[in-house]
Amino acid sequence: MTAGPPVVAAADPGASREAAIGSPVGSPVASVDELIVLFKLPGVAETLDWGEALVALGCVDLDPGTVDATLGVLLKYQDDLARITGQPAQRLVEAARGAG
């Protein structure tokens, strides 16, 4: 999923450089569908909201704790939150770092 970064940049011109280029936002969201089966994958709106939350928190580099703490912005269903929290969050962070 390579459309994530330009969409973030276009929808939020005030976003930090990290959010605009999709790191840390785009890569983990793109990796979700490859690593974990969810009831509802995050859409563009959820991705933008998550990016805004990360920028507001001053997040420059994702870590599993930050992913766990902010997943409620990205995912709509409790079952999906439970599927990603903990070790799966670690795998998403590792996948995003490997993609960068």
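Residues numbered from 1 in each chain as written. Predicted model: local features only at pLDDT ≥ 70, side-chain atom pairs only at ≥ 80, totals over all residues. Heavy atoms only, no water.

A. Focus on the nonpolar core. Ranked by size, the top nonpolar core spans 14 residues in total, and within it Trp50, Leu62, Val67, Leu71, Leu75 and Ile84 carry the most contacts. Those elements that provide at least two residues to this core are α4 (44–56), α5 (64–74), α6 (78–84) and α7 (87–99). Sequence-distant contacts of Leu71, defined by excluding residues within four places in its chain, comprise Leu81, Ile84 and Thr85. (Core = buried A, V, L, I, M, F, W, Y, C linked by side-chain atoms within 4.5 Å. Buried < 20%, exposed > 50% of the residue type's maximum accessible area, 1.4 Å probe, protein only. Helix = DSSP H or I, 4+ residues; strand = E, 2+ residues; numbered from the N terminus. Contact = heavy atoms within 4.5 Å.)

B. Structural detail: the packing of aromatic side chains. The final tally for this structure, using the stated rule, is 1 aromatic pair. Note on Phe39 and Tyr77: the rings are 4.8 Å apart at their centroids and 85° apart in plane angle, and the pair reads as edge-to-face. Of the two residues, Phe39 is situated in the loop between α3 (26–35) and α4 and Tyr77 in the loop between α5 and α6; the sequence distance between them amounts to 38 residues. Of the residues examined, Phe39 reaches a relative accessible area of 62% and is grouped as exposed. (Phe/Tyr/Trp six-rings, centres within 6.5 Å; stacked < 30°, edge-to-face > 60°.)

C. Seen up close, the confidence of the model for the protein. Averaged over the protein, the pLDDT score is 73; the fraction of residues at 70 or greater is 62%. Note on residues 1–11: pLDDT is under 50 here. Beyond four places in sequence and across chains, it has 13 contacts. Segment residues 17–23 is flagged for pLDDT under 50; beyond a separation of four residues in sequence, or across chains, it makes 13 contacts in the model. (pLDDT = per-residue confidence, 0-100.)

D. Structural view of the packing of α4 against α5. Packing of α4 against α5 leaves a shortest axis separation of 9 Å and a crossing angle of 135°. When the interaxial angle is binned, α4 and α5 end up oblique. For the element pair α4 and α5, the recorded crossing hand is right-handed. Together, Glu46, Thr47, Asp49, Trp50, Ala53 and Leu54 of α4 and Thr66, Val67, Thr70, Val73 and Leu74 of α5 make up the contact between the two elements. (Axes fitted to C-alpha atoms, helices over the stretch in contact; angles between N-to-C directions. Parallel < 35°, antiparallel > 145°, perpendicular 65-115°, else oblique. Left-handed = near helix turned anticlockwise from the far one by under 90°.)

E. Focus on the environment of Leu57. Note on placement: Leu57 falls in the loop between α4 and α5. Taking the C-alpha atoms as reference points, Leu57 and Thr70, 13 residues apart in sequence, are found 9.8 Å from one another.

F. Spotlight on α5. All of the buried residues in α5 are Pro64, Thr66, Val67, Thr70, Leu71 and Leu74. What you see down the axis of α5 is that its buried residues fit within an arc of 150°, all on one side. Away from the buried face of α5 by more than 90 degrees, exposed residues Ala69 and Gly72 are located. Its side-chain oxygen placed 2.9 Å from the backbone nitrogen of Gly65, Asp63 serves as the N-cap of α5. (Arc of directions from axis to C-beta. Polar contact = N/O pair within 3.5 Å; in protein donor to acceptor, adjacent residues only side chain to side chain.)

G. How the structure looks around the pattern of salt bridges. Scanning all chains against the criterion turns up 2 salt bridges. A salt bridge links Lys76 to Glu46, with the shortest nitrogen-to-oxygen separation between them at 3.2 Å. Of this pair, Lys76 sits in the loop between α5 and α6 while Glu46 is found in helix α4, placing the two residues 30 residues apart along the sequence. Classification of Lys76 by relative accessible area gives exposed; the value is 54%. A salt bridge links Arg83 to Asp80, with the shortest nitrogen-to-oxygen separation between them at 2.8 Å. Placement of the pair is Arg83 and Asp80 together in helix α6, with a separation of 3 residues, close to one helical turn. (Salt bridge = Lys/Arg side-chain N within 4 Å of Asp/Glu carboxyl O.)

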